[in-house]
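Fold and geometry: a report
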Amino acid sequence: MIFWLMIGLFTFIIALVCFSPLLVREKMALAPQRDALNKSLYFQRLQEIEQDSTLGLLDNTEQAKIELQRSLLDDIPVLNSEHTEKQKPKKAQGYIWFLSGFLSLLIVASLIYFKVGAWQAEQQLQHIAGKLEHFQQRAQQEATQPLTEQELSQFALSLRQHLQQYPQDAHSWWQLGQIGMNLNNPQLALDSYQKAHQLMPNNVEYQLSYARILMFSDDPSDKSQGENLLKQVIRQDHSNLDALGLLAFHYFEKENYKMAASTWEIMLKLIATDDPRYKLIERSKNAALAAENKGD
């Protein structure tokens, strides 16, 4: 509703600028016409008085001139009134033309907007924003029914719309980060995880997600920040295998093979020997020990 009121207001302003001569033309012309008429009448009558005085037809010329001036002053309101009455139809026509121009401009502007404007895109955005709950329910079925790339894009768009109204919703920021990872958009994931972590710095899940993407950064400062976050997670949850695994890989990447092997050894103690991950972790630990022995 506000949008259409703004459209009407701007159209009225444009019409006022374009068609204002229709409203002021007669008013501007009225004063010069009145002055010209008064001057013409005055000098014509004055000339007649001078002629009569020359012919000896007047006894008191000065008195006649004074009476002429009074007569003209008395006639001015009448002349103005008569002239104004004549101008009323013209003024009415000016108002009619102005109103017609304004309505025509409004109709043309509306037609152009409906033809090439962004109202369809706005409606689509509103429709997608209204499907946030649907996408959140679909995300819970991700294991059996993965979201398509188009659904992920629409989900991200609906989350952005939601976060414009509720920027303190940490969970929605985290969800947007998850979508960024699925869409292979690391910058979106990094910014969203960072925002979620800032809003809830003690949330282990948000810490871990943010640390994970920092660990894959090429910037050493990001890796260092990610390492500190992983250590914070492990201090809160000593058995967090995701944090331990990322930290062990980080140590191995830094060629700190002793710490890598020790971290993987801790992970082996936390899982059963028949766990599918056990052999992979054991091989990683042995690779770290072999690299350490080779370095010695």
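Residues numbered from 1 in each chain as written. Predicted model: local features only at pLDDT ≥ 70, side-chain atom pairs only at ≥ 80, totals over all residues. Heavy atoms only, no water.

If you check an unreviewed UniProt entry, the chain appears there as C-type cytochrome biogenesis protein CcmI from [Haemophilus] felis. UniProt, in the comment section headed Subcellular location (unreviewed entry), describes the chain in these words: "Cell envelope". (UniProt positions renumbered as here; feature names shortened; annotations may be inferred.)

Helix and strand counts for the chain stand at 13 helices and zero strands. Listing the helices and strands of the chain from first to last along the sequence gives α-α-α-α-α-α-α-α-α-α-α-α-α. Counting every position in the chain, which comprises 296 residues, the buried fraction comes to 29%. The long-range share in the chain, meaning contacts at least 24 apart out of those at least 6 apart in sequence, stands at 48%. If you sum the accessible surface of the chain, you get close to 19800 Å²; carbon and sulfur atoms cover 56% of it. (Helix = DSSP H or I, 4+ residues; strand = E, 2+ residues; numbered from the N terminus. Buried < 20%, exposed > 50% of the residue type's maximum accessible area, 1.4 Å probe, protein only. Contact = heavy atoms within 4.5 Å. Areas by Shrake-Rupley, 256 points an atom, 1.4 Å probe, with all protein chains shown as cover.)

On to the packing of helix H7 (residues 170-182) against helix H8 (residues 186-199), then. H8 packs onto H7 with a crossing angle of 160 degrees between their chain directions and a minimal axis gap of 7 Å. Taken together, the axis directions place H7 and H8 in an arrangement best described as roughly antiparallel. The two elements H7 and H8 meet at a crossing, and its hand is left-handed. Contacts between H7 and H8 pair Ala 170, Trp 173, Trp 174, Leu 176, Gly 177, Gln 178, Gly 180 and Met 181 from the former with Leu 188, Ala 189, Ser 192, Tyr 193, Lys 195, Ala 196 and Leu 199 from the latter. For the contact of H7 with H8, the per-class residue count stands at ten nonpolar, four polar and one charged. (Axes fitted to C-alpha atoms, helices over the stretch in contact; angles between N-to-C directions. Parallel < 35°, antiparallel > 145°, perpendicular 65-115°, else oblique. Left-handed = near helix turned anticlockwise from the far one by under 90°. Nonpolar A, V, L, I, M, F, W, Y, C, P; charged D, E, K, R; others polar.)

As a further point, take the nonpolar core. Counting 44 residues, the largest nonpolar core has Phe 155, Leu 176, Leu 230 and Trp 264 as its most contacted members. Residues contacting Leu 176, with those up to four places away along its chain left out, are Ala 156, Leu 159, Arg 160, Leu 163, Leu 188 and Ser 192. (Core = buried A, V, L, I, M, F, W, Y, C linked by side-chain atoms within 4.5 Å.)

We now examine unusual backbone geometry. In this structure, Asn 184 is a non-glycine residue whose phi angle is positive, near 60 degrees. Take Asn 184: it is sitting in the loop between H7 and H8. The backbone of Glu 255 shows a phi angle near 65 degrees, a positive value even though the residue is not glycine. Inspection of the secondary structure assignment puts Glu 255 in the loop between helix H11 (241-253) and helix H12 (257-270). On the basis of relative accessibility, which here comes to 57%, the residue Glu 255 falls in the exposed class.

Moving on: the packing of H11 against H12. The contact between H11 and H12 brings their axes to 7 Å, and the two run at 160 degrees. The angle between the axes of H11 and H12 places the two elements in the roughly antiparallel class. Remark: the crossing between H11 and H12 carries left-handed chirality. The residues of H12 that touch H11, namely those facing Leu 241, Leu 244, Gly 245, Ala 248, Phe 249, Tyr 251 and Phe 252, are Tyr 257, Met 259, Ala 260, Thr 263, Trp 264, Ile 266, Met 267 and Leu 270. Class assignment for the residues of the contact of H11 with H12 results in 13 nonpolar, two polar and no charged.

So, on to the UniProt feature "repeat: TPR" (unreviewed entry) in the chain. Taken from the UniProt record, the annotation "repeat: TPR" (unreviewed entry) applies to residues 170-203. Between the end C-alpha atoms of residues 170-203 there is a gap of 10 Å, over a span that is 79% helix and 0% strand.

Attention now goes to the pattern of salt bridges. Two side chains of opposite charge can pair, provided their charged atoms sit close to one another. Inspection of the entire model under this criterion finds five salt bridges. Across the pair Lys 223 and Glu 253 runs a salt bridge whose closest N-O atoms are separated by 3.5 Å. One end of the pair, Lys 223, is in helix H10 (residues 220-236); the other, Glu 253, is in helix H11, and 30 residues separate them in sequence. Take Glu 253: its relative accessible area is 44%, and that puts it in the partly exposed class. Among the ionic contacts, a cluster of salt bridges with common partners joins Glu 227, Lys 231 and Lys 254. (Salt bridge = Lys/Arg side-chain N within 4 Å of Asp/Glu carboxyl O.)

With 13 residues, H11 should reach 18 Å at 1.5 Å per residue; the first-to-last C-alpha distance of 18 Å fits that figure. When we look at burial in H11, the residues that qualify are Leu 241, Ala 243, Leu 244, Gly 245, Leu 246, Leu 247, Ala 248, His 250 and Tyr 251. At the N-terminal end of H11, a side-chain oxygen is found 3.2 Å from the backbone nitrogen of Asp 242, two or three residues along, and the residue is Asn 240. (Expected span 1.5 Å × (residues − 1). Polar contact = N/O pair within 3.5 Å; in protein donor to acceptor, adjacent residues only side chain to side chain.)

As enumerated under the stated definition, the model contains three aromatic pairs in all. Considering the side-chain rings of Phe 252 and Tyr 257, the 5.2 Å spacing of their centres and the 70 degrees angle between planes classify their relative orientation as edge-to-face. When its relative accessible area of 31% is taken as the criterion, Phe 252 is described as partly exposed. Ring geometry for Phe 252 versus Trp 264: centroids 6.0 Å apart, planes at 55 degrees, classification tilted. Of the two residues, Phe 252 sits in helix H11 while Trp 264 sits in helix H12, which places them twelve residues apart along the sequence. (Phe/Tyr/Trp six-rings, centres within 6.5 Å; stacked < 30°, edge-to-face > 60°.)

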